[in-house]
Amino acid sequence: MAFQGSGELEDQLEEPEDTLRVSPAEEMPVDGPPALEEPEPLLLPWDRFSSWLHCICVVGFDLELGQAVEVIYPHHSKLTEKEKTSICYLSFPDSNSGCLGDTQFCFRFRQATGRKSSLGCFLDHFERDAPVSLKRDQGYYYGYVYFRQVRDKSLKRGYFQKSLVLISKLPYVTFFHSLLKLIAPEYFEKQEPCLEAACNDIDRWPTPCPGKILTLPIMGVVMKLRIPTCYDKPGTSQLVQSTPSDSLVSIVLPTVHEVDLFRCFYPVFFHIQMLWELVLLGEALVVMAPSPAESSDTVLALVSCISPLRYCSDFRPYFTIHDSEFKEYTTRTQAPPSVILGVTNPFFAKTLQHWPHIIRIGDMTQAGEMAKQMKVKKLKNLKTLDSKPGVYTAYKPFLNKDEDIIKQLQKGVQQKRPSAAQNAILRRYFLELTQSFIIPLERYVASLMPLQKSISPWKSPPQLRPFNQEEFMKTLEKAGPQLTSRLKGDWIGLYRQFLRCPNFDGWFRNRRKEMMQKLEALHLEALCEEDLQLRIQKHTEVETVDLVLKLKEKLTQAEKDQLPVKTGTLPKLQSHIETIILSLPEDLQGILHKPPSP
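Residues numbered from 1 in each chain as written. Predicted model: local features only at pLDDT ≥ 70, side-chain atom pairs only at ≥ 80, totals over all residues. Heavy atoms only, no water.

- Under an unreviewed UniProt entry, the name given to the protein is UDENN domain-containing protein, and the source organism is Phoxinus phoxinus.
- Check the Sequence similarities (unreviewed entry) section of the UniProt entry for the protein; it says "Belongs to the DENND6 family." (UniProt positions renumbered as here; feature names shortened; annotations may be inferred.)

1. Quick notes on the overall build of the protein
So, point 1. Secondary structure assignment for the protein yields 20 helices and 14 strands.
So, point 2. Expressed as a percentage of the 598 residues in the protein, the buried residues total 53%.
So, point 3. Taking all contacts inside the protein whose residues are at least 6 apart in sequence as the whole, residues at least 24 apart take part in 73%. (Helix = DSSP H or I, 4+ residues; strand = E, 2+ residues; numbered from the N terminus. Buried < 20%, exposed > 50% of the residue type's maximum accessible area, 1.4 Å probe, protein only. Contact = heavy atoms within 4.5 Å.)

2. Considering the sheet that holds strand β5 (residues 140-151)
So, point 1. Across the sheet, five strands lie side by side as β3-β2-β6-β5-β4; this open sheet has antiparallel pairing. Where the open sheet ends on each side, the last strands, each with one partner, are β3 (66-73) and β4 (101-110). On average, each strand axis in the sheet is tilted by 25 degrees relative to the strand beside it, whichever way the strands run.
So, point 2. As defined by bridge partners, β4 adjoins β5 across ten bridges and the pair is classed as antiparallel. Looking at the pairing, R108 lines up with Y142 of β5.
So, point 3. Lying on the sheet, helix α2 (residues 81-90) is in contact with β2 (55-62), β3, β4, β5 and β6 (159-168); it crosses β4 at an angle near 145 degrees.
So, point 4. Strands β2, β3 and β6 of the sheet are contacted by helix α5 (residues 192-202), whose axis makes an angle of about 50 degrees with β3. (Pairing = 2+ DSSP bridges. Axes fitted to C-alpha atoms, helices over the stretch in contact; angles between N-to-C directions.)

3. Let's talk about the sheet that holds strand β11 (residues 314-316)
So, point 1. Strands sit in the order β11-β12-β10-β13-β14 across an open sheet of five strands; the sheet is mixed. Because the sheet does not close on itself, it has two edges, and the strands there are β11 and β14 (390-393). Neighbouring strand axes in the sheet, compared pairwise and without regard to direction, differ in orientation by 15 degrees on average.
So, point 2. Here β11 pairs with strand β12 (residues 339-343) via three bridges, running parallel. Looking at the pairing, D314 lines up with V339 of β12.
So, point 3. Those strands touched by helix α7 (residues 272-280) are β10 (285-288), β12, β13 (357-360) and β14, and its axis lies near 50 degrees from that of β14.
So, point 4. Against the sheet, helix α8 (residues 292-304) touches β10, β11, β12 and β13, its axis set at about 160 degrees to β12.

4. Quick look at the packing of aromatic side chains
So, point 1. Counted under the stated rule, the structure contains 42 aromatic pairs.
So, point 2. Seen in terms of ring centroids, Y444 and F467 are 5.0 Å apart; in terms of plane orientation they differ by 85 degrees. Their pairing is edge-to-face. Here F467 lies in the loop between α13 (419-446) and α14 (469-479) and Y444 lies in helix α13, a separation of 23 residues in the sequence. We note that Y444, like F467, is buried. (Phe/Tyr/Trp six-rings, centres within 6.5 Å; stacked < 30°, edge-to-face > 60°.)

5. Some thoughts on the nonpolar core
So, point 1. Judged by nonpolar contacts, the single largest core of 112 residues is most densely connected at W52, F175, F265, L441 and F498.
So, point 2. Excluding anything up to four places from it in sequence, F265 contacts I272, L275, A301, L302, C305, L426 and F430.
So, point 3. Counting 22 residues, the second largest nonpolar core, distinct from the first, contains L527, I536, L551 and V565. (Core = buried A, V, L, I, M, F, W, Y, C linked by side-chain atoms within 4.5 Å.)

6. Considering the pairing of β13
Two faces, one strand: in a regular strand the side chains alternate between the faces of the sheet.
So, point 1. In β13, alternate side chains face the same way, and those of H357 and I359 on one face and I358 and R360 on the other are all buried.
So, point 2. With four bridges connecting them, β10 and β13 associate as parallel partners. Counted as the bridge partner of M288 is R360 from β13.

7. Some points on the environment of P254
So, point 1. The residue P254 is located in the loop between β9 (249-252) and α6 (261-265) in this model.
So, point 2. Between the C-alpha atom of P254 and that of R226, which follows or precedes it by 28 residues, the distance is 7.9 Å.

8. Side note on the side chain of D323
So, point 1. Tracing the chain through its elements places D323 in the loop between β11 and α9 (326-330).
So, point 2. Within polar-contact distance, the side chain of D323 engages the backbone nitrogen of E325 at 3.1 Å.
So, point 3. Beyond its immediate stretch of four places on either side in the chain, D323 contacts L90 and R316. (Polar contact = N/O pair within 3.5 Å; in protein donor to acceptor, adjacent residues only side chain to side chain.)

9. Digging into unusual backbone geometry
So, point 1. In this chain, Y73 is followed by P74 through a cis amide linkage whose omega measures -5 degrees.
So, point 2. Of the consecutive residues S307 and P308, the connecting peptide bond is found in the cis state with omega at 10 degrees.
So, point 3. Within the element layout of this structure, P308 appears in the loop between α8 and β11.
So, point 4. Positioned with a positive phi, W46 is a non-glycine residue whose angle comes to about 80 degrees.
So, point 5. When you line up the elements, W46 lands in the loop between β1 (26-29) and α1 (47-52).
So, point 6. W46 sits in the buried class, given a relative accessible area of 19%.

10. Some words on the packing of α13 against α14
So, point 1. As a packed pair, α13 and α14 sit with axes 10 Å apart at the nearest point and diverge in direction by 120 degrees. Viewed along their axes, α13 and α14 adopt a mutual orientation that is oblique. Note that α13 runs across α14; the crossing there is right-handed. In this structure, α13 contributes P440, L441, R443 and Y444 to the contact, and α14 contributes E471, F472, T475, L476 and A479.
So, point 2. Class assignment of the residues belonging to the contact of α13 with α14 gives a composition of six nonpolar, one polar and two charged. (Parallel < 35°, antiparallel > 145°, perpendicular 65-115°, else oblique. Left-handed = near helix turned anticlockwise from the far one by under 90°. Nonpolar A, V, L, I, M, F, W, Y, C, P; charged D, E, K, R; others polar.)

11. Observations regarding helix α12 (residues 403-414)
So, point 1. Along its twelve residues, α12 runs 16 Å from first to last C-alpha, staying within 8% of the 16 Å computed at 1.5 Å per residue.
So, point 2. Where α12 is buried, its residues touch α6, α7 and α13.
So, point 3. Just downstream of α12, K416 is the residue with a positive phi angle, here 55 degrees. (Expected span 1.5 Å × (residues − 1).)

12. Structural notes on the pattern of salt bridges
So, point 1. Tallied over the full model, the rule gives 27 salt bridges.
So, point 2. For E442, the salt bridge goes to R511, with nearest N and O atoms at 3.0 Å. Highlighted residues: E442 in helix α13 and R511 in helix α16 (residues 502-528), separated in sequence by 69 residues. Note on accessibility: E442 and R511 belong to one class, buried. (Salt bridge = Lys/Arg side-chain N within 4 Å of Asp/Glu carboxyl O.)

13. Examining the pairing of β10
So, point 1. Where burial is concerned, the two faces of β10 agree: the one with L285 and V287 and the one with V286 and M288 are both buried.
So, point 2. Sheet topology note: the β10/β12 ladder contains four bridges and is parallel. For V287, the partnering residue across the bridge sits in β12 and is G342.

14. What about the environment of Y140?
So, point 1. Inspection of the secondary structure assignment puts Y140 in strand β5.
So, point 2. Each C-alpha atom, one on Y140 and one on K169, is 6.8 Å from the other, the two residues being 29 residues apart in sequence.
So, point 3. Beyond its immediate stretch of four places on either side in the chain, Y140 contacts R108, F109, R110, Q111, K169, D314 and R316.

Right, here's the structure in full:
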């Protein structure tokens, strides 16, 4: 989503939101009275569950078979054999991780091709106000894991090893990890009846609508949270406050998706600015960590450091040698792809030695030692996973190093500043850096919009001007990042590299789509202001019927695409269409009033 404040988006109004009320859960708007309710979509059993999760899996370890999916719930949930295999291998830490007790982490894997969700249009509808970085992941699933390994002498292997895994399209890592902390311990104690109860609770939840405060009952506990919207001011979070009526609320989540940036970057925080550049430019990055928890947290921190830009390349918070993309991503016959991998197996130190940028994370519980590793290390020094923590790369950053943020964070460490405060400082730093970089692009792209006076109701909407790289570069001299950032360096070089990477392509496609929809909306509004009755007096009957069909098609498309039209535009257009139809002979009226065949 563009930063709000771009001229062509300022008059965009929120349309009424879905409100689905069939459960003990409540949906409460954040501010003011509830919006007018749209007709409630017909929801079948498990539709509500499916808006949050695809399924829940239990993965166990069999001495003869190895990892195996023991239970999929709900039982009608479909996973291909390839997807099941991916889940099996990704749900267990590598044996070298030595994760005794309970461990939580997440992974991401490709969805099998050719499968479509029956809820597709419905999910798109309520997700329209989500920030671009929080929209559901097309083509990928997330797996949120709660792994338990405890000694058990009654088992041949001597250990009980099992994972409870939530499979979802939603990137709400903090929320799903909190949910697992409630469900998993109960499951390990009471087994499958507990899963059935949890799934039935989830199927009574409201859908995950951005902007609404949701109270979600689960197994006798109530969670309260708010999913951000694209209209929220970047860098602010509307904290969910406890109220006197919340006597039943046990858990209030301040965020559904943010990881602790400072904790994740602490082992390498001298290099945070360089890491921001590498992520912004979609460079091939591998994170080598001692456990899946540290690997997945660090990869998610990297992906989120360019927020509110969406990271558009592939990323795998936890990646194993059994992954179906292992050969594709480790081949030496071509340059490493634009992807961020999180790994724990020592084998990768050898397999990925040719990768250009490697981040080595040590045990985060001993983080005090690691912040001393200041220099960027040469790749040839990385032989094994036991190498010292640090960043191994030959990359030369485009921007000069910002010493102020390093000193500020170091001072915080010395003064024992709370981790939450350090995290807020770092998140604000990344946000301001990203905004300084993207605002000149926003400003230039806004200038590609045609003037409103060029929009004629009786001609097709005018086209956007094409993006011209050199024209954009010339704008940087007077309206570049120097207006909002004190950082010096080769900003021009950074932009040139960015314009060639997948993150620019994804950002520009999204902005272009928004602007095309805005043009369509302005065109519709112009049509509504016309005196169509006067117009059709000059038309033949055939031309009038043709006009009705075209207007109906535009109306249908506008509703489907949820165009950002002014309130009242679509009902007004519908009224115009009705008036024109009534001016036609009765036989034609009957035909034109028939609903279109699906």
